[in-house]
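So you can see what is in the structure, the chains are spelled out below.
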Amino acid sequence: MSQALQNAQRYESEAERSISPEERPLFHLSSRVGWMNDPNGLSRYRGEYHLFYQYHPYDSHWGPMHWGHAVSKDLLAWRYLPAALAPDESYDLGGCFSGGALELPDGRHLLMYTGVADETQPNGEVRAVQTQNLAFGDGIHYRKFEKNPVITAADLPAGCSRFDFRDPRIWRLEDGSFRAMVACDRVDADGQMLLFGSDDLTHWKYLSTPAQNNGRLGLMWECPDWFELDGYQVLLASAQDMLPKGFEYHNGNGTFCLLGHLDGQGNFREISDQAVDYGIDFYAPQTILAPDGHRLMIGWMQNWDTCNLHTPSVPWFGQMSLPRELSIRNGRLCQAPLRELEALRGKPVQYRNVQIENGEIELDGISGRTVDLEISLEPGEELYNRFAVRVAKNDTFHTTVSFRPRESVLKVDRKFSGSRRAIIHQRRARVDHQRGELTMRLILDRFSVEVFVNDGGKVMSATIPTDPSADGIAFFADGKLSFSVTAWPLTADGRSG
Ligand code: FRU
């Protein structure tokens with residue numbers, strides 16, 4: 001094992017001792033120590049889920065990328081394993097960037113990742129180039145392949161950038177051959193996804209370009225995922241430098257989904273595009289097919305432009321989203337919280353048809369920072385102006401999820417969450433409703449809120465830095481309506497990690 005990897009493993013196992021379990025989310029994976037970004041290598045290996053992540057153990061800010069590693073039986077209770085990769089080879093000294101993983105028929109666990117390394121260009125300028133690399137392991141220890149890199153600039157078709165060529169998503173076909181989809185800018189900075197094929201993992205060939213941005217959705221595309229779902233072919237990807245498009249996309253980094261079909265020649269025929277999460281913090285998701293046939297997605301519950309929301313005294317930064325079950329309804333990608341979450345539910349507190357008019361109320365027994373909350377809004381004769389639920393609340397702080405039926409807008413607002421940074425604190429989504437009737441499910445896990453509206457038709461995620469002692473939940477109305485609510489406290493008791 002290299003010195004760099006030994007150092008990282010020694011450092012993380014000592015440094016994590018300063019973090020008590022209460023200072024972390026209960027069931028969302030957070031960085032073992034230091035910084036976390038993208039989920040990597042989400043895979044099943046020897047009957048368990050493995051999740052790696054972009055990791056800088058030594059600091060709670062981004063730095064030379066390692067791969068952190070955790071394992072779980074249910075995607076809710078996570079056990080940290082030693083860091084799997086460190087930047088320690090000539091082709092990845094600049095970092096081991098994102099990638100995928102799979103279990104090989106011979107029992108090895110394969111990781112495919114992007115290596116970043118400085119290279120002097122013909123004009124004397126030094127620039128980081130990106131190549132695709134492999135590592136093989138047993139679920140704990142990983143050894144980089146001696147024939148790395150396996151895909152380089154030499155394998156790229158004309159007009160592709162070797163500086164933005166990353167995040168391979170690898171899979172194995174029934175005939176035993178391999179495919180990898182890799183994000184790769186064109187030299188004019190337009191995003192696209194390239195497909196490569198290999199029979200032996202060592203020799204790879206460019207096959208096609210299944211999707212191209214053509215200036216529509218941001219600039220560079222990153223972190224592809226590519227799968228079949230409910231009769232559609234789906235591309236998930238994350239774009240840099242996006243422009244807003246109505247309420248659909250927002251400025252900066254965002255994750256989008258292309259739905260389409262493969263034609264007889266295997267070409268992707270796109271039908272539609274949509275955002276994946278309409279909240280503040282979500283990026284670079286990966287999916288996996290669970291043994292029960294459900295397609296599950298986990299994203300980085302953060303976003304590049306908002307990751308200054310550090311609490312300086314906290315030695316970890318970055319958490320993953322709740323695993324979400326994907327489906328396609330009425331031609332749109334929908335998400336539901338992982339059904340195993342229900343095993344964490346304690347005794348519910350339920351209220352039906354609570355009347356509320358121009359003011360705020362709290363309901364006995366409904367509070368907490370690890371809560372599963374189902375709310376349905378039942379408008380009266382006259383349409384109300386606004387309904388809101390305020391969570392992580394005390395006299396000073398709260399985060400609000402509010403709905404204005406006249407505008408059909410649902411808003412997440414964490415302005416009063418205790419953040420001391422001048423970053424985005426609000427985001428709006430347009431949602432469907434019948435005259436103010438709406439259902440939403442909020443999942444709170446200490447430092448985040450994820451809102452699933454209309455059965456997961458739209459999802460909004462936001463991290464919150466609020467001190468966990470702020471555990472009030474209140475309901476507010478401008479106008480008059482009634483609502484029903486069920487709140488389940490979520491506890492670690494039902495986890496099967
Ligand atoms: C996306 C990303 C990836 C890259 C990684 C680096 O968030 O930019 O494209 O592999 O982060 O940490």
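The model shown is predicted, which means the values in this text are computed figures rather than measured ones.

Asks: Sorry, what's going on with the overall build of the chain here?
Replies: Counting its regular elements, the chain contains 1 helix and 31 strands. Here the C-alpha radius of gyration of the chain, 23 Å, is about what a compact globule of 497 residues would show, namely 23 Å. In terms of overall dimensions, the chain has C-alpha extents of about 70 × 55 × 45 Å along its principal axes. Across the 497 residues that make up the chain, the buried fraction comes to 59%. At a minimum sequence separation of 6, the contacts of the chain that also span at least 24 residues come to 59%.

Asks: What's the story with the pairing of strand β5 (residues 95-103) in this structure? I'm lost.
Replies: The element β5 is extensively covered by neighbouring structure, given that 8 of its 9 residues are classed as buried. For β5 and strand β6 (residues 109-120), the ladder comprises 8 bridges, and the chain directions are antiparallel. Directly across from Gly 100, in β6, lies its bridge partner Met 112. Hairpin connection of β5 to β6: 5 residues between the antiparallel strands, including Gly 107 at a positive phi of 95°.

Asks: I keep staring at helix α1 (residues 3-15) and nothing clicks. Help me out?
Replies: Its 13 residues place the ends of α1 18 Å apart at the C-alpha level, agreeing with the 18 Å of an ideal helix rising 1.5 Å per residue. Taken together, the buried positions of α1 are Leu 5, Ala 8, Gln 9, Glu 12 and Ala 15. Considered in projection along α1, the buried side chains sweep an arc of 150° and stay on one side of the axis. As for α1, its buried residues are in contact with β2 (48-56), β3 (66-72) and β4 (78-85).

Asks: Would you mind showing me how to read the environment of Glu 146 here?
Replies: Take Glu 146: it is sitting in the loop between β8 (142-144) and β9 (160-172). Taking the C-alpha atoms as reference points, Glu 146 and Cys 184, 38 residues apart in sequence, are found 24 Å from one another.

Asks: Any chance you could explain the sheet that holds strand β12 (residues 205-212) here in plain terms?
Replies: Whether parallel or antiparallel, the strands of a sheet pair through hydrogen bonds between backbone atoms. Ordered in space as β9-β10-β11-β12, the 4 strands form an open sheet in which the pairing is antiparallel. Edge positions in the sheet fall to β9 and β12, since each of these pairs with one other strand and no more. Between one strand axis and the next, the sheet turns through 25° on average, direction left out of account. Pairing analysis gives 6 bridges linking strand β10 (residues 178-186) to strand β11 (residues 192-198), with the strands arranged antiparallel. Note that in β11 the partner of Arg 179 across the bridge is Gly 197.

Asks: For this particular structure, what's the right way to read the packing of aromatic side chains?
Replies: The description of two aromatic rings rests on the distance between their centres and on the angle between their planes. Taken as a whole and judged by the stated rule, the model has 18 aromatic pairs. Taken together, a centroid distance of 6.0 Å and an interplanar angle of 50° make the contact between Phe 165 and Phe 196 tilted. Here Phe 165, found in strand β9, pairs with Phe 196, found in strand β11; they are 31 residues apart in sequence, far enough to count as distant. In terms of burial, Phe 165 and Phe 196 fall into one category: buried. Through pairs of rings, three or more aromatic residues link up here, namely Trp 35, Trp 300, Trp 304 and Phe 317. Above the plane of the ring of Phe 163 lies Arg 127, whose end atom (NZ or CZ) is 3.6 Å from the centre. Over the face of the ring belonging to Trp 488 we find Arg 345, whose NZ or CZ atom lies 3.4 Å from the ring centre.

Asks: How should the domain arrangement of the chain be read in this particular structure?
Replies: One frequent convention defines the size of an interface as the accessible area lost when the parts assemble. For the chain, the assigned domains read domain 1 (3-341) and domain 2 (345-489). Summarising the inter-unit geometry, the C-alpha centres of domain 1 and domain 2 are found 31 Å apart. The interface of domain 1 with domain 2 comprises 35 residues on the first partner and 35 residues on the second. Approximately 3,000 Å² of surface area, both sides summed, lies buried where domain 1 meets domain 2, with 59% of it carried by carbon and sulfur atoms. For the interface between domain 1 and domain 2, the tally reads 2 salt bridges.

Conventions we followed
- Residues numbered from 1 in each chain as written.
- Predicted model: local features only at pLDDT ≥ 70, side-chain atom pairs only at ≥ 80, totals over all residues.
- Heavy atoms only, no water.
- Helix = DSSP H or I, 4+ residues; strand = E, 2+ residues; numbered from the N terminus.
- Rg over C-alpha atoms; globule rule 2.2 N^0.38 Å.
- Buried < 20%, exposed > 50% of the residue type's maximum accessible area, 1.4 Å probe, protein only.
- Contact = heavy atoms within 4.5 Å.
- Pairing = 2+ DSSP bridges.
- Expected span 1.5 Å × (residues − 1).
- Arc of directions from axis to C-beta.
- Axes fitted to C-alpha atoms, helices over the stretch in contact; angles between N-to-C directions.
- Phe/Tyr/Trp six-rings, centres within 6.5 Å; stacked < 30°, edge-to-face > 60°.
- Lys NZ or Arg CZ within 6 Å of the ring centre and 35° of its normal.
- Domains from an automatic or database assignment.
- Buried area = accessible area lost by both parts, 1.4 Å probe.
- Salt bridge = Lys/Arg side-chain N within 4 Å of Asp/Glu carboxyl O.

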